[in-house]
Structures are given as structure tokens and as C-alpha cells.
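# Coordinate inspection notes
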Amino acid sequence: LLFVFRTPVAAALPLVIALVSVTTTMAIMTVLGSYIFVTVYVQNVATMIGLGVGTDYALLWLARYREELNSGAKSRVALLRAMQKAGRTVFFSGATVIVGFCTLFMVRMEIFVSIAIAGILVVLIAVWATLSLLPALVRLAGPWLQRFPIFKRDPGEKHQLELFWLATTHLIMRKPWFFLVLALAIIGVVSMPLTQIEFQSITPSHLPKHLEARQG
């Protein structure tokens, strides 16, 4: 984060969003644990997904905000533009991840149901925090967001990187059907093991017969 944002305050904000997402989700799951079965693995899932999407969404939003500032926009205008552009991206990205977690409800096992609920909650909270808490923190940080730069970026390096992504985008836009088929082919190959998947609970019968654990 320091390498990307170059300043300590900007680098700390995505971590704040991620931590808020994880702790809030764990608090809600603790309450739900009084009414439904909640597996201990919810802690792992909520932490992993929360740190991932919380940091990712905040990074995306902050990057857009700082681009608007660097282009000469005032703080309030930059906030509005970041919300209009990056905010919409964060919202639909979160919705996509939530749909992915909803597929876990298809597996009729309590452990997957609680993991699905935790995953949905942590993404929802990460989106909410990015679109409400983060702009408020940025507004409070004010000029401190850009102070004490640690790494100085070479303007030529930034320009080359922008040209690379621009060229990549134009290439995909010129041949959309080719890249669509290519992407679907890759997804198809890596998804082939799903045709032989079997869902079952682990029982002592999965252990070797000579083990005392199975005999017990």
C-alpha cells in the first residue's frame, strides 16, 4: 500500500476499511451463532475475504480520488467524481462477489451455509464502508492525505504504464469475440474437475482402519 499510494495516511485508510469489515462481520456472526450453526472456519473466511475486498475496494476508490485531485479538481469535486466513477465499480464488483457466495447455498451442508452468510456479510460491509466511511475519512484527513511522501514516482514510468494499459484495452476492444472465447476456454479448462466433485461429510471411515482414532 505504501508502494502504491506513496504516503502513510493514504496507505492506512484501506486497512481501516478492511478491519472495519472483518470486525463488524465477526460481531454479527457472533450474534447469529445463538440462532444458527456457525462453523469455526467463518473466522478464516471473514478475515481472508474482508482483508481482500476491503483493501481492494478502498484502493480502487482512493486511486480515483487522487487522480481527480492531481488533475486539478478541488477536494469536494474530487469526492463526487470518485463516488460517481469508482463508487459504481465498487458496488457492482461487490454484487458480483455476493452472487458467487450465494452459490454455496446450493450445497446442503450447514458448514457451507454459515460460510456463505459470513462471506456475503463481509462483502456487503466492505462496500458500505468504502462508499460511506472512506469518503468521510478522506474528508477529515484533508491535506494530510498527500503529505510525507515516501516514494517518488518517475513521471516517465507512470506514462509508460498508462500506455501499456491503454494498448491492452484497445487490443481487447478490437477483437472482443476472440478474447471472450479465449477467456471462456480458460475458465472451462480449470473448471473441468467440477464434473467429478462429490459432497460429503468427513467421518471416521475416511481414516485408516489401524488408527486408534478410527477404532475409538
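Since we're looking at a predicted model, the values are computed, not measured.

### Observations concerning the side chain of serine 21
Relative to the helices and strands, serine 21 is located in helix α2 (residues 8-32). Residue serine 21 is classed as buried on the basis of its relative accessible area of 0%. Apart from the residues within four sequence positions on either side, serine 21 is in contact with Val122, Ile125 and Ala126.

### Description of the nonpolar core
Leu13, Trp61, Leu62, Tyr65, Leu134, Val138 and Leu145 are the most contacted members of the largest nonpolar core, which has 17 residues in total. The contacts of leucine 62, once residues within four sequence positions are left out, are Phe5, Ala10, Leu13, Pro14, Leu134, Val138 and Leu145.

### Brief notes about helix α3 (residues 42-70)
Along its 29 residues, α3 runs 41 Å from first to last C-alpha, staying within 8% of the 42 Å computed at 1.5 Å per residue. Just downstream of α3 lies glycine 72, where phi reads positive at about 110°.

### Describing the environment of phenylalanine 105
Along the chain, phenylalanine 105 turns up in the loop between α4 (75-102) and α5 (110-141). Sequence separation between phenylalanine 105 and isoleucine 117 is 12 residues, and the spatial gap between their C-alpha atoms is 9.0 Å. If we skip the residues at most four places from it in the chain, phenylalanine 105 touches Val113, Ala116, Ile117 and Ile120.

### Brief notes about α5
For α5, which comprises 32 residues, the first-to-last C-alpha distance of 43 Å matches the rise-based estimate of 46 Å (1.5 Å per residue) to within 8%. The principal kink in α5, of about 40°, is found at alanine 129. Count one or two residues on from α5 and you reach glycine 142, which has phi positive near 55°.

### Observations regarding the packing of α3 against α5
Running from N to C, α3 and α5 cross one another at 30°; their axes reach a closest spacing of 9 Å. Between α3 and α5, the angle is such that the two are roughly parallel. For the pair α3 and α5, the sense of crossing is right-handed. Facing α3, whose interface residues are Val42, Val45, Ala46, Ile49, Gly50, Val53, Gly54, Tyr57, Ala58, Trp61, Leu62 and Tyr65, α5 presents Ser114, Ile115, Ala118, Val122, Val123, Ala126, Val127, Thr130, Leu134, Pro135 and Val138.

### Looking at the packing of α4 against α5
Put simply, α4 and α5 touch, their axes get as near as 10 Å, and they point 175° apart. One way to sum up the angle between α4 and α5 is to call them roughly antiparallel. Seen from α4, the contacting residues are Ser75, Arg76, Leu79, Met83, Gly87, Val90, Phe91, Gly94, Val97, Ile98, Phe101 and Cys102; seen from α5, they are Ile115, Ala116, Gly119, Ile120, Val123, Leu124, Val127, Thr130, Leu131, Pro135, Val138 and Arg139. Looking at side-chain class alone, the contact of α4 with α5 contains 17 nonpolar, five polar and two charged residues.

### Considering the side chain of arginine 66
Among the secondary structure elements, arginine 66 is positioned in helix α3. Within the buried set, arginine 66 has no salt-bridge partner at all; the shortest N-O distance to an opposite charge, 9.6 Å, is to glutamate 67. Reaching out from arginine 66, the side chain makes a polar contact with the backbone oxygen of phenylalanine 5 at a distance of 2.5 Å. In contact with arginine 66, other than residues within four places in its own chain, are Phe5, Thr7, Ala10, Leu145 and Gln146.

Reading the values: rules and limits
- Residues numbered from 1 in each chain as written.
- Predicted model: local features only at pLDDT ≥ 70, side-chain atom pairs only at ≥ 80, totals over all residues.
- Heavy atoms only, no water.
- Helix = DSSP H or I, 4+ residues; strand = E, 2+ residues; numbered from the N terminus.
- Buried < 20%, exposed > 50% of the residue type's maximum accessible area, 1.4 Å probe, protein only.
- Contact = heavy atoms within 4.5 Å.
- Core = buried A, V, L, I, M, F, W, Y, C linked by side-chain atoms within 4.5 Å.
- Expected span 1.5 Å × (residues − 1).
- Bend = angle between axes of the 7 residues up to and from the residue.
- Axes fitted to C-alpha atoms, helices over the stretch in contact; angles between N-to-C directions.
- Parallel < 35°, antiparallel > 145°, perpendicular 65-115°, else oblique.
- Left-handed = near helix turned anticlockwise from the far one by under 90°.
- Nonpolar A, V, L, I, M, F, W, Y, C, P; charged D, E, K, R; others polar.
- Lys, Arg positive; Asp, Glu negative; His and termini not counted.
- Salt bridge = Lys/Arg side-chain N within 4 Å of Asp/Glu carboxyl O.
- Polar contact = N/O pair within 3.5 Å; in protein donor to acceptor, adjacent residues only side chain to side chain.

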